[in-house]
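For reference, the chains in residue letters:
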Amino acid sequence: MTRFLSPNLILRVLIFTALIPMSADLVFANSAEDLLEASDRARGGVATGVTWNVRVESTENGTKSDRSFVIKARDVNALAEATQPAKFKGEVFLFNDRTMWFFKPSLRRPIAISSRQRLSGQAANGDIASTNYARDYTAEIERTETLDGQPHKVLLLKAKSDQVTYDQIRYWVSEKSKLAKKAAFMTLQGEVFKEATFDYGNSIVVQGKKVPFISKMIITDVKNRKNKSTLSYSKLKLDSLPPAIFNINSLSR
Amino acid sequence: MNSRLDWILALRNLKRNPRRTISTGLAIVIAYVGLTLLTGHIFNIEYAAKIPLIYGNGTGHVSIYKKGGLDNYELQPALYHMTGTELEAIAKSLEPIASQIETTGTYLSTQALLSVGSRSIPVFIRGVQPEVDDFSRNHPRVQKHAPEFVALQSGQSFSKSSKETIDAISVSQGVSEILGYKSEISALAAADKQVVLAGRTFDGDLNAINGTVALKHSTGTPILEDSSVIAPIEIVRELLQTQGASHQVLFLKNDDDIGRVVDHMRTEFKNRGVDLEAYPFTDDRIGLFYNGTMSFLYAMGSFFALLIFGASGLIIVNSMTISILERAKEMGTLRAIGFPPDRVKSLFVKEACWLALGASLLGLLVSEILAVIISSAGWTVESAGTTYSVLIKILTKPWMHAGLTLTMIVIAAVCSGWLVKRKVKERIALLLLE
C-alpha cells in the first residue's frame, strides 16, 4: 500500500491534476482562434489580394441612403473607393493595418480617422473593409448554441487595442462551416448596441480550395430596430494587388 | 421760512465742534470709500466675465436657436439647425427694433476632427462671419474691459486672413500646443500650417476639407482651451454641406434692452409661426459660468458690504450718540427759547444730513482718486474658471455714488432722529442741568 502512495507518485498525480484544466484551456483557446481565422477568410481576411464591390443601403430615422464602394484587400490592408452616389466618387478609405485614413481629391493630404466612426447608417468605417478579428481581438468560447438547426460556438471577442472598430463582440461561428452567422457588438461595459447577421452566397478559390465568401451583412441598431444597414457584396475576384496601392503617400499623388 | 433757516442753522452747527464733526464724518468717509471700492471691483469682474461671453464666445446679448436647438443641436444638428427661411424670418422680425440692434451674427458650430499629418484631434469648430468676428474683437467695450482675452493672440483679423488665405482658421492656444506649434503661427512653415478638418455632414456622411492655421485665439475657459477652432462660416458650411446655421445672435446697443428685445422676438416668432426661440445671454444654458461667477461674487460682495456697513454704521451711531448726549444743554436752551421738540429734532436731523452729505462728497472724491490709482497700477487677479488674469480696475458709476450718498444720509438722519427724539422729550430743566 505504501509502495503505491510513494511521495513521488503523489507529486506526479498532483502535477497531472493541475495540468488538466490548463490543457483544456489551451485546447479551447486554439479552437477559438482557429474558428476566428477561418471565419475571417470568408469576410475578406485573405493573405492574397481580393477585390469586391459592396453596396451599403441604410435606413436611419426614416431617411434612406445608398452608397457603393470597391474594396481592394490584401492581408491586413484594404482600400475602399467610393463609387456611388456621384458626389462621393473619388473618396477613398485606406486601412493600413489598424490605422484608417480618409482622402478625397479636393484634400491636400489624407486625414487619419477612427474605424469606429459611422460611415453610413449603422455601418462603421471599419465594417466595410475586410475583417481581421483574429488579429484584432482575443477570443474565448463562451458556450455552444444551436442557430438555424446548426451548432454554433459563441465566442466572446475582446479588443486588443482601442484602434479597432468595437470594444467587444459576441460572435456566433458555425462548428461545421466555420462561418460567422451572427454578431452582437458591445460597448466596453458589455452592453449590446448593434447586431449583425451574415449570409455567404459568394465564394472564392483560395489555394485551390473553394471557400465561401460573405454576400450580405445586415447591421441593426438594437435600440431602434428600424435603423439598419444592409451591406451587399458582389463582383468578387482574386486579384494580385500591388502593395503600393495601400501606401498612404500614393493617395495624394 | 423756518425750514430754510433751520437748514442754515444746522450747517452752521457743524462748525461749532470740529472734533465731533470730523470723527463722525471720517466714519462716513471710510464706509463710503470701502463700499465704493468693493462695488467697483465687483463691476469690473462682472464686465470681465460678461464681455468675453457676449463678444468673444459668440453669444451676443440675445441668442436665437431653433426651438429645442439650444439643448439638442449638438446631438441632432440636421434636425435642429436653422434654415435660410428661418434666418429670413429673423431678419424681418428685427426690422421694428432695428434702432436697438448694433449688429447681428450668424454662427454654425460643429464637432470635428482636426488633422495634421498622422495626428487627429477632436475639436469644436465655431463658424463665424469674418466681419462679425472682427466687430466683436474690436468692439470698444471689449477693448476697454477684456482686451487680453478677446484679442487674437497671433495673426491678423479674420477678414484680412480670409482675403489672403481662403481657408484660414484660428486655433486656440491649447490646440496649438497639442499640434506641436512651438513658435508663432507666422513663423511656421507653410506645410505645418496646413490641416484637414473632418466631420459628419447633416446627411450623416463623412466629409473633410482643407484648412490653413492663420490665427491663434484664447477661449478664456480651461474646458474649451484644448478643443476650440474658429473658422469662417462658409468653411464650416462646406464641411457640413449646408447653407443653414446653428444659431444667430444679436448684439445690442444697450444692455438694458435685453429683456424687451427677447420679448419682442418671442412675440414675432409666435406671430410668424416659426419654430424659433430667443434667449438672453443670462439664460443658464448659455451663460452658466457667468451666472455662477456673478452669484458667487454677489454673495461674497454682500457679505463684505455687510461687514463694512456694520462696522462703519456702529462707529457712526456711536459717534452721533456721544455727540447728541454732549449737546443736551443745547437742546434744553432751544426748548427754553420756544423751539418745540419736533423742531429741535428736525434741526439735529438736518445737521446729520449736512454731515453725511459733506462726508459722502469727500468719500466720492477719495474713492475716485483711489480708483484711478488702483486701476492704473496694473495689478491682476486670477479669476476662477478662466485661463487669464483679470486686471484689477475700480469701475465707478454715477448712480452708484448717488445711491451710496443717499444711503449715508438716510443712516445719519435716522440715527440722529431716533436719538434726539428720545432725549428732547426730557424736561427742559433737566436738559439744561446736563
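This is a predicted model, so every value here is computed, not measured.

Parameters at a glance
Residues numbered from 1 in each chain as written. Chains lettered and ligands numbered in written order. Predicted model: local features only at pLDDT ≥ 70, side-chain atom pairs only at ≥ 80, totals over all residues. Helix = DSSP H or I, 4+ residues; strand = E, 2+ residues; numbered from the N terminus. Domains from an automatic or database assignment. Axes fitted to C-alpha atoms, helices over the stretch in contact; angles between N-to-C directions. Left-handed = near helix turned anticlockwise from the far one by under 90°. Contact = placed C-beta atoms within 7 Å. Nonpolar A, V, L, I, M, F, W, Y, C, P; charged D, E, K, R; others polar.

*Asks:* Can you walk me through unusual backbone geometry in this structure?
*Replies:* Across the chain, the bulk of peptide bonds are trans and the bulk of non-glycine residues have phi less than zero. Residue and element names in this part refer to chain A. With an omega of -10°, the peptide bond between Q84 and P85 qualifies as cis. Considering the arrangement of structural elements, one finds P85 in the loop between β3 (77-84) and β4 (92-96). The backbone phi angle of K235 is positive, close to 45°, even though this residue is not glycine. When you line up the elements, K235 lands in strand β17 (residues 228-238).

*Asks:* Would you mind showing me how to read the domain arrangement of chain B here?
*Replies:* Think of interface size as the accessible area that goes away when the parts come together; that is how it is often given. The assigned domain composition of chain B is domain 1 (2-51 + 290-433) and domain 2 (60-280). Here the C-alpha centre of domain 2 of chain B lies 48 Å away from the C-alpha centre of domain 1 of chain B.

*Asks:* Just to check I follow, could you spell out the packing of helix α15 (residues 284-326) of chain B against helix α18 (residues 398-424) of chain B for this structure?
*Replies:* Residues and elements named next belong to chain B. At a closest axis distance of 10 Å, the pairing of α15 and α18 adopts a crossing angle of 35°. Handedness of the crossing formed by α15 with α18: right-handed. Residues G313, I316, V317, M320, T321 and I324 of α15 lie in contact with α18, whose contacting residues are I411, A412, C415, S416, L419, V420 and K423. Among the residues forming the contact of α15 with α18, the class breakdown is nine nonpolar, three polar and one charged.

*Asks:* Help me understand the interface of chain A and chain B in this model?
*Replies:* Counting residues at the interface gives twelve residues for chain A and twelve residues for chain B. Mapped by element, the contributors of at least two residues to the side of chain A that touches chain B are β6 (111-113) and β7 (118-120) of chain A. When residues in the side of chain A that touches chain B are grouped by element, the largest group, three residues, is from β6 of chain A. The class makeup of the residues in the side of chain A that touches chain B is six nonpolar, two polar and four charged.

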